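# Reading the structure
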Amino acid sequence: MTQTHTSNIASNMIAIENMQFAWPRQKALLNIENFTVPAGEKLFLYGPSGSGKTTLLNLLAGVTLPQQGKIRILDQDLAQLSGHRRDRFRARHIGVIFQQFNLIPYLSVLDNVLLAAHFAQRKGLEQRARDLLAALNLPDSVFQRRATQLSVGQQQRVAVARALLCEPELVIADEPTSALDSDSRERFLQLLFTAVEQCNSSLIFVSHDRSLQQQFSRAVDIRELSAGAAHHAA
């Protein structure tokens with residue numbers, strides 16, 4: 001599954017070169033020689049628990065830095081940025097949909113979505129937030145409700161709207177369908193694909209559910225991607 005290296009990294013959303021990462025006192029968890037994700041691709045990433053999926057997502061988001069090698073997002077080597085600039089880069093260019101959604105319970109639905117604009121230091125996005133929520137089939141009657149007053153499916157759509165608010169070039173989704181039944185998973189995927197396509201975003205989608213992979217441009221087993229994958233928790 002590892003792709004042939006290309007020098008034209010600017011045409012790729014993601015380019016990884018000779019990247020290694022391991023947690024302290026562990027063998028190399030991730031050891032990726034060359035891997036690219038073209039702009040606009042919908043990539044399905046799978047593998048067993050502990051194979052490094054979440055670790056890789058944290059590396060792609062710049063939350064964690066590689067110990068060796070390079071990770072470029074939009075041709076930007078994340079390790080060359082200070083912590084503050086990485087945070088700003090992430091807020092402006094990467095949308096993350098967390099497995100547990102990470103909504104702020106005491107904030108309204110609308111304010112949860114607008115948090116993305118706050119971290120990216122962008123103003124004037126309230127109407128876009130409302131439009132995104134409506135496009136994700138959330139009625140305006142719930143916009144001022146607290147996030148905890150929504151169903152799991154509704155909270156999930158709020159998390160998607162927040163991730164897409166600033167029109168990020170890259171969207172990362174970490175097991176976002178794990179709490180949903182099959183019908184809800186299918187509806188959610190269609191909503192997510194539509195929203196991502198409208199933003200012209202690339203999508204990295206992590207899941208244990210291999211039945212979903214046929215709906216993506218490409219599927220990658222992280223164990224094949226990473227020659228140094230070790231079997232310990234990610």
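Provided above is the structure to which this section pertains.
Residues numbered from 1 in each chain as written. Predicted model: local features only at pLDDT ≥ 70, side-chain atom pairs only at ≥ 80, totals over all residues. Heavy atoms only, no water.

## Considerations on helix α5 (residues 152-164)
Between its terminal C-alpha atoms α5 stretches 19 Å, which fits the 18 Å expected from 13 residues at 1.5 Å a residue. Burial analysis of α5 places 11 of its 13 residues in the buried class, which makes it a mostly covered element. Among the residues of α5, Gln154, Gln155, Gln156, Arg157, Val158, Ala159, Val160, Ala161, Arg162, Ala163 and Leu164 are the ones counted as buried. (Helix = DSSP H or I, 4+ residues; strand = E, 2+ residues; numbered from the N terminus. Expected span 1.5 Å × (residues − 1). Buried < 20%, exposed > 50% of the residue type's maximum accessible area, 1.4 Å probe, protein only.)

## Focus on the sheet that holds strand β6 (residues 94-97)
What the five strands build is an open sheet, ordered β6-β7-β8-β3-β9; its pairing is parallel. Of all strands in the sheet, those bounded by a partner on one side alone are β6 and β9 (218-221). Going across the sheet, the axis of each strand differs from the next one's by a mean of 20°, ignoring polarity. As judged from the five bridges shared by strand β7 (residues 170-174) and strand β8 (residues 202-206), these two strands associate in the parallel manner. Residue Leu170 lies in a different strand from β8, and its bridge partner there is Ser202. Its contacts with the sheet place helix α2 (residues 83-93) against β6 and β7, and it is angled at close to 80° to β6. The sheet strands contacting helix α6 (residues 182-199) are β3 (42-46), β6, β7 and β8, and the helix crosses β8 at an angle near 155°. (Pairing = 2+ DSSP bridges. Axes fitted to C-alpha atoms, helices over the stretch in contact; angles between N-to-C directions. Contact = heavy atoms within 4.5 Å.)

## Description of the side chain of Gln213
Note that Gln213 resides in the loop between β8 and β9. Among the polar contacts listed, one links the side chain of Gln213 to the side chain of Arg210, at a separation of 2.4 Å. Setting aside its immediate chain neighbours within four residues, Gln213 contacts Phe44, Tyr46 and Ala219. (Polar contact = N/O pair within 3.5 Å; in protein donor to acceptor, adjacent residues only side chain to side chain.)

## Section: the pattern of salt bridges
Evaluation of the coordinates by the stated rule reveals seven salt bridges. As a salt-bridge pair, Glu197 and Lys42 come within 3.1 Å of each other at their nearest N and O atoms. Here Glu197 is found in helix α6, whereas its partner Lys42 is found in strand β3, with 155 residues between them in sequence. A salt bridge links Arg130 to Glu126; the nearest nitrogen and oxygen atoms lie 3.2 Å apart. With Arg130 and Glu126 both in helix α4 (residues 126-135) and four residues apart, the pair spans about one turn of that helix. For Glu126, a relative accessible area of 40% corresponds to the partly exposed category. (Salt bridge = Lys/Arg side-chain N within 4 Å of Asp/Glu carboxyl O.)

## Looking at the packing of α4 against α5
Between α4 and α5, the least distance of the axes is 9 Å, while the angle of their chain directions is 140°. Here α4 lies oblique to α5, going by the angle between them. Between α4 and α5 the crossing geometry is right-handed. Here Arg128, Leu132 and Leu133 of α4 come into contact with α5, specifically with Val158, Ala161 and Leu164. Residue composition of the contact of α4 with α5, by class: five nonpolar, no polar and one charged. (Parallel < 35°, antiparallel > 145°, perpendicular 65-115°, else oblique. Left-handed = near helix turned anticlockwise from the far one by under 90°. Nonpolar A, V, L, I, M, F, W, Y, C, P; charged D, E, K, R; others polar.)

## Structural notes on the nonpolar core
Soluble globular proteins: nonpolar side chains tend toward being buried together. Counting residues in hydrophobic clusters, the biggest one holds 46 residues, and the most contacted among them are Leu133, Leu203 and Phe205. Sorting the residues of this core by element identifies β3, α3 (109-120), α4, α5, β7, α6 and β8 as the ones contributing at least two each. Of the residues forming this core, the biggest block, eight residues, is contributed by α6. Of all hydrophobic cores here, the second largest spans 30 residues; its members include Met13, Val37, Ala61 and Ile73. (Core = buried A, V, L, I, M, F, W, Y, C linked by side-chain atoms within 4.5 Å.)

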